[in-house]
Amino acid sequence: MPRTLAAVDVGYDKATDRCAAALVLWDVDSRQSILELTHVQPSTFPYVPGLLSFREIPPLLPLFERLQDSPDLILCDGQGIAHPRRMGLASHLGLVFDCPSLGWAKSRLIGTYEEPPKRRGAATALMDGDEQIGWVYRSREGCRVTFVSPGHRISLGRSLELARALTGPCRLAEPARRAHLLTRIAME
């Protein structure tokens, strides 16, 4: 299990064409935030489905530059290999920093699946043809599913294991939820 993870998210203000990036450095054992960083800048790339990395990595880079040590895991609100090119935001960001990374998205970009049971922790395979590209994961009993996929230096099995270990009381892992909240606060 990683000791620290960096959960990242980017939010957008369409009216001003600005974005806010957030990074929450999280201590996995204590389940507490160690450091919370935000960065606001103009958006530099339009929204194009499948090319999220080109939109979100530029505002995230200054946050990673401010870290004294590399995290053991990067957790992205986005796809890993569950992407048409097998290179979603989590894969791309993990590759940039040569750090294990996990994609945990609220919506499906590609793939087919059978609905997992309604119980907490249930998962079914996310498939693209004959290839498994991730997991359809139910983090809370009866809640909507999320989509977990390995990014960089993580296997399919390990991605589900990590998601289950990081699941808290909410639909998304607490550090990811906190990063999302920080983007909203930074845009105020």
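In this report, we go over the structure that sits alongside the text. All values reported here derive from a predicted model rather than from experimental measurement. (Residues numbered from 1 in each chain as written. Predicted model: local features only at pLDDT ≥ 70, side-chain atom pairs only at ≥ 80, totals over all residues. Heavy atoms only, no water.)

Structural notes on the overall build of the protein chain
From N to C terminus, the protein chain includes 4 helices and 8 strands. Mapped from its N terminus to its C terminus, the protein chain presents α and β elements in the order β-β-β-α-β-α-β-β-β-β-α-α. Taken against the 2.2 N^0.38 rule, which gives 16 Å for 188 residues, the C-alpha radius of gyration of the protein chain at 15 Å falls within 12% of a compact globule. Classification of the 188 residues of the protein chain by burial places 50% in the buried group. For the protein chain, the proportion of contacts with a sequence separation of at least 24, taken over those separated by at least 6, is 60%. Roughly 9,000 Å² of accessible area belongs to the protein chain as shown, and the carbon and sulfur atoms make up 51% of that amount. When the 23 positive and 21 negative side-chain charges of the protein chain are each reduced to one mean point, those points stand 5 Å apart. (Helix = DSSP H or I, 4+ residues; strand = E, 2+ residues; numbered from the N terminus. Rg over C-alpha atoms; globule rule 2.2 N^0.38 Å. Buried < 20%, exposed > 50% of the residue type's maximum accessible area, 1.4 Å probe, protein only. Contact = heavy atoms within 4.5 Å. Areas by Shrake-Rupley, 256 points an atom, 1.4 Å probe, with all protein chains shown as cover. Lys, Arg positive; Asp, Glu negative; His and termini not counted. Charge placed at Lys NZ, Arg CZ, Asp CG, Glu CD.)

A look at helix α3 (residues 156-166)
Residues of α3 that are buried include every one of Ser159, Leu160, Leu162, Ala163 and Leu166, and no others. Each buried residue of α3 sits inside an arc of 160° when the element is viewed along its axis, so together they form one side. (Arc of directions from axis to C-beta.)

Thoughts on the side chain of Ser53
Secondary-structure assignment places Ser53 in helix α1 (residues 52-65). Residue Ser53 is classed as buried on the basis of its relative accessible area of 6%. In this structure the side chain of Ser53 is engaged in a polar contact, spanning 3.3 Å, whose partner is the side chain of His92. Ser53 has contacts with Pro58, Met87, Gly88, Leu89 and His92, leaving out every residue within four places of it along the chain. (Polar contact = N/O pair within 3.5 Å; in protein donor to acceptor, adjacent residues only side chain to side chain.)

Observations regarding the side chain of Thr167
Within the element layout of this structure, Thr167 appears in the loop between α3 and α4 (174-187). Classification of Thr167 as buried rests on a relative accessible area of 7%. In terms of polar contacts, Thr167 uses its side chain to reach the side chain of Tyr137, at 2.6 Å. A distance of 2.7 Å separates a polar atom in the side chain of Thr167 from the backbone oxygen of Ala163.

Side note on the sheet that holds strand β4 (residues 73-76)
Read across the open sheet, the 8 strands follow the order β3-β2-β1-β4-β5-β8-β7-β6; overall the sheet is mixed. Where the open sheet ends on each side, the last strands, each with one partner, are β3 (32-42) and β6 (123-128). Adjacent strand axes in the sheet meet at a mean angle of 25° when their direction is disregarded. By the bridge criterion, 10 bridges tie strand β2 (residues 18-27) to β3 in an arrangement that is antiparallel. The residue of β3 that forms the bridge with Cys19 is Gln41. Together, β1 (4-13), β4, β5 (101-105) and β8 (146-152) form the strand contacts of helix α2 (residues 89-97), whose direction differs from that of β8 by roughly 25°. Taken strand by strand, α3 contacts β1, β4, β5, β6, β7 (131-137) and β8, and its axis lies near 10° from that of β7. (Pairing = 2+ DSSP bridges. Axes fitted to C-alpha atoms, helices over the stretch in contact; angles between N-to-C directions.)

Some words on the pairing of β4
Taking every second residue as pointing to the same face, both faces of β4 are buried, with Leu73 and Leu75 on one and Ile74 and Cys76 on the other. Where β1 and β4 come together, 4 bridges link them in parallel fashion. Residue pairing across strands places Val8 opposite Cys76, the latter belonging to β4. For β4 and β5, the ladder comprises 3 bridges, and the chain directions are parallel. Considered in β5, the bridge of Ile74 is made with Ser101. On the question of chirality, the crossover connecting β4 to the parallel β5 by way of α2 is right-handed. (Right-handed = clockwise from strand over helix to strand, strands pointing away.)

Section: the nonpolar core
By size, the foremost hydrophobic cluster in this structure holds 23 residues, and its most contacted members are Leu5, Leu73, Leu75, Leu102, Trp104, Val148 and Leu166. Secondary structure elements with two or more residues in this core: β1, β2, β4, β5, β7, α3 and α4. Not counting residues up to four positions away in its chain, the partners in contact with Val148 are Leu102, Gly103, Trp104, Gly134, Trp135, Tyr137, Ser159 and Ala163. Judged by nonpolar contacts, the second largest core, of 19 residues, contains Leu25, Ile57, Cys76 and Ala90. (Core = buried A, V, L, I, M, F, W, Y, C linked by side-chain atoms within 4.5 Å.)

Function cannot be inferred from these measures alone, as they are strictly geometric.
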